[in-house]
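# Observations on the three-dimensional arrangement
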Amino acid sequence: MRLADIAIRPAVPADAAAVQAIYAFHVAHGTASFDTEAPDAAFWEKKIAHILARGWPFLAIEVDGVLAGYAYASQFRDRAAYAHTCENSIYIDPDLRGAGLGRRLLEALIDAARASGFEQMIAVIGGGEPASVALHARCGFEHAGRMKKVGRKFGRILDTVYMQRELVA
């Protein structure tokens, strides 16, 4: 892939159908999300608008003008004490995994989350997905804990791995 073919931009509600399609694949075939049914495009349209309205980042990565992945950061928990801590989510089109898009997108999300006022970023990695753990480690995240046997999907009992990265120097 040529560098000129890749662009990262803020997501817009019109991206909802493409976001839904990417997420639906991961719900149906992976354990990174513990969802067992993918929400529809209307859900994603509202979610994109809600995150952007809060001043939080929701980014899209495009390859040749086609949405190839997305990432967003939202407050880690609802309570006021967590106002400066975010949780990230990142998903890449399954046909484009391994091309380095995840790292580019996560690095851009880290910068955007910092600019939004977040000071800590938490990754909650369902199933302890090795590729996601490796991606986050490459982007400066450290292991922060493991919740054992908290999810069930595809007949498996799954752990959740927590990783954390400071966003301020």
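Reading the values: the criteria
Residues numbered from 1 in each chain as written. Predicted model: local features only at pLDDT ≥ 70, side-chain atom pairs only at ≥ 80, totals over all residues. Heavy atoms only, no water. Helix = DSSP H or I, 4+ residues; strand = E, 2+ residues; numbered from the N terminus. Buried < 20%, exposed > 50% of the residue type's maximum accessible area, 1.4 Å probe, protein only. Contact = heavy atoms within 4.5 Å. Core = buried A, V, L, I, M, F, W, Y, C linked by side-chain atoms within 4.5 Å. Pairing = 2+ DSSP bridges.

## Quick word on the side chain of T160
- In this fold, T160 is placed in strand β7 (residues 156-166).
- Relative accessible area serves as the criterion here: at 5%, T160 is assigned to the buried category.
- In contact with T160, other than residues within four places in its own chain, are F34, V124, I125, G126, G145, R146, M147 and V150.

## Considering the nonpolar core
- Counting residues in each nonpolar core, the largest one holds 44 residues, and the members touching the most others are W44, F58, Y70, L106, M121 and F141.
- Breaking this core down by element, the ones donating at least two residues are α1 (16-29), α2 (41-53), β2 (58-63), β3 (66-75), β4 (85-92), α3 (101-115), β5 (120-126) and β7.
- No other element matches the 8 residues that α3 contributes to this core.
- With residues up to four places along the chain from it excluded, the contact list for Y70 reads V19, I22, Y23, W44, F58, L59, A60, S89, I90, Y91 and L105.

## What about the pairing of β5?
- Burial of β5 is extensive: 5 of the 7 residues sit out of reach of the surface.
- Two elements, β4 and β5, share 4 bridges in a ladder whose sense is parallel. The residue bridging T85 from the neighbouring strand is Q120, located in β5.

## Some points on the pairing of β7
- For β5 and β7, the ladder comprises 7 bridges, and the chain directions are antiparallel. Directly across from M121, in β7, lies its bridge partner R165.
- Here strand β6 (residues 142-153) runs beside β7; their pairing, made up of 8 bridges, is antiparallel. For R146, the partnering residue across the bridge sits in β7 and is V161.
- Remark: 2 residues form the turn of the hairpin made by β6 and β7, two consecutive strands paired antiparallel; F154 in that turn has positive phi of roughly 55 degrees.

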